[in-house]
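# Overview (structure and organization)
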Amino acid sequence: MTSYEMPEVKIGDMVLFYAHEGADPVMAFVTTTASRTLTLWSVVPGYGGVEKASVHHKDDPGVQEFPAWKDYGFWGPRPAGKEAILSEKVALLEKKVAELEGRKGNRQ
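In this report, we go over the structure that sits alongside the text. (Residues numbered from 1 in each chain as written. Predicted model: local features only at pLDDT ≥ 70, side-chain atom pairs only at ≥ 80, totals over all residues. Heavy atoms only, no water.)

### Observations concerning the pattern of salt bridges
Selection criterion: One side-chain nitrogen of Lys or Arg within 4 Å of one carboxyl oxygen of Asp or Glu is enough to make a salt bridge. The helix and strand labels rest on DSSP assignments: H or I over at least four residues marks a helix, E over at least two residues marks a strand, and numbering proceeds from the N terminus. Buried, partly exposed and exposed residues are distinguished by accessible area as a fraction of the type maximum, computed with a 1.4 Å probe on protein chains only: under 20%, between the cut-offs, and over 50%, respectively.
The tally for this structure, following the rule as stated, stands at three salt bridges. For the salt bridge of Lys70 with Glu21, the shortest nitrogen-to-oxygen distance reads 3.5 Å. Placement of Lys70 in the loop between α1 (62–65) and β5 (74–77) and of Glu21 in the loop between β1 (14–18) and β2 (26–33) is noted, with a sequence separation of 49 residues between them. Judged by its relative accessible area of 23%, Lys70 is partly exposed. According to the relative accessible area criterion, Glu21 is exposed, its value standing at 52%. Close ionic contact of Asp60 with Arg36 constitutes a salt bridge, the shortest N to O distance being 2.4 Å. You can see Asp60 sitting in the loop between β4 (48–57) and α1 and its partner Arg36 sitting in the loop between β2 and β3 (37–44), a full 24 residues away along the chain. Among the residues examined, Asp60 registers a relative accessible area of 2% and is labelled buried.

Structure (structure tokens):
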């Protein structure tokens, strides 16, 4: 099997889940991480939520080596939207404010 490192995600992150090749993506939340797979809570419009275990990243070369893995679907990153960009900017501002407050406290 080829050496592959899955993109880093954390529990609670939102990703896109594809039920099969060519499927439209749906929103999913990471509930468990492993070295090459995720367990996701997939939000299915009109149905609710469904747990999806052993989901490989869409670019994992192991899926080509072991076609049965395709039965579990695929995941990919969600596009960086305005919320993600704004969240990142807020985190940077909070860090800067904390640094400035630390400097101010050192002067007193």
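The discussion continues.
### Here we look at the pairing of β3
Put simply, the rule reads: Paired strands are those between which DSSP finds at least two bridges.
When β2 meets β3, the two strands line up antiparallel, connected through five bridges. By the bridge assignment, Thr32 is partnered in β3 with Thr39. The antiparallel pairing of β2 with β3 creates a hairpin that spans three residues between the two strands. Pairing analysis gives seven bridges linking β3 to β4, with the strands arranged antiparallel. What sits directly across from Thr37, in β4, is His56. The hairpin turn running from β3 into β4, its antiparallel successor, is three residues long, and Gly46 in that turn takes a positive phi close to 80 degrees.

### With respect to the nonpolar core
Quick reminder of the rule: Nonpolar cores are built from buried Ala, Val, Leu, Ile, Met, Phe, Trp, Tyr and Cys residues. Side-chain atoms within 4.5 Å join them into one set. Contacts: residue pairs with any heavy atoms within 4.5 Å of one another.
One finds Tyr4, Met6, Val9, Val15, Phe17, Val26, Ala28, Val30, Leu38, Leu40, Val55 and Trp75 forming the largest nonpolar core, which totals 12 residues. At the level of secondary structure, the elements contributing two or more residues to this core comprise β1, β2 and β3. Trp75 has contacts with Met6, Pro7, Val9, Val15, Leu16, Leu38, Leu40, Val55, His56, His57 and Lys58, leaving out every residue within four places of it along the chain.

### Structural notes on the pairing of β4
Direction of pairing for β4 relative to β5: parallel, over a ladder of two bridges. Considered in β5, the bridge of His57 is made with Trp75.

### Regarding the sheet that holds β2
Filter applied, for reference: Geometry is summarised by axes, namely lines fitted to C-alpha atoms with helices restricted to the contacting stretch, and by angles between N-to-C directions that run from 0 to 180 degrees.
Taken together, five strands build a closed barrel; the order of strands is β1-β2-β3-β4-β5 and the barrel is mixed. On average, each strand axis in the sheet is inclined to that of its neighbour by 50 degrees, with strand direction left out of account.

### A look at the side chain of Ser42
With respect to the helices and strands, Ser42 occurs in strand β3. What makes Ser42 buried here is its relative accessible area of 1%. Residues within four places of Ser42 in sequence aside, it is in contact with Phe17, Val26, Met27, Ala28, Gly48, Gly49, Val50 and Lys52.

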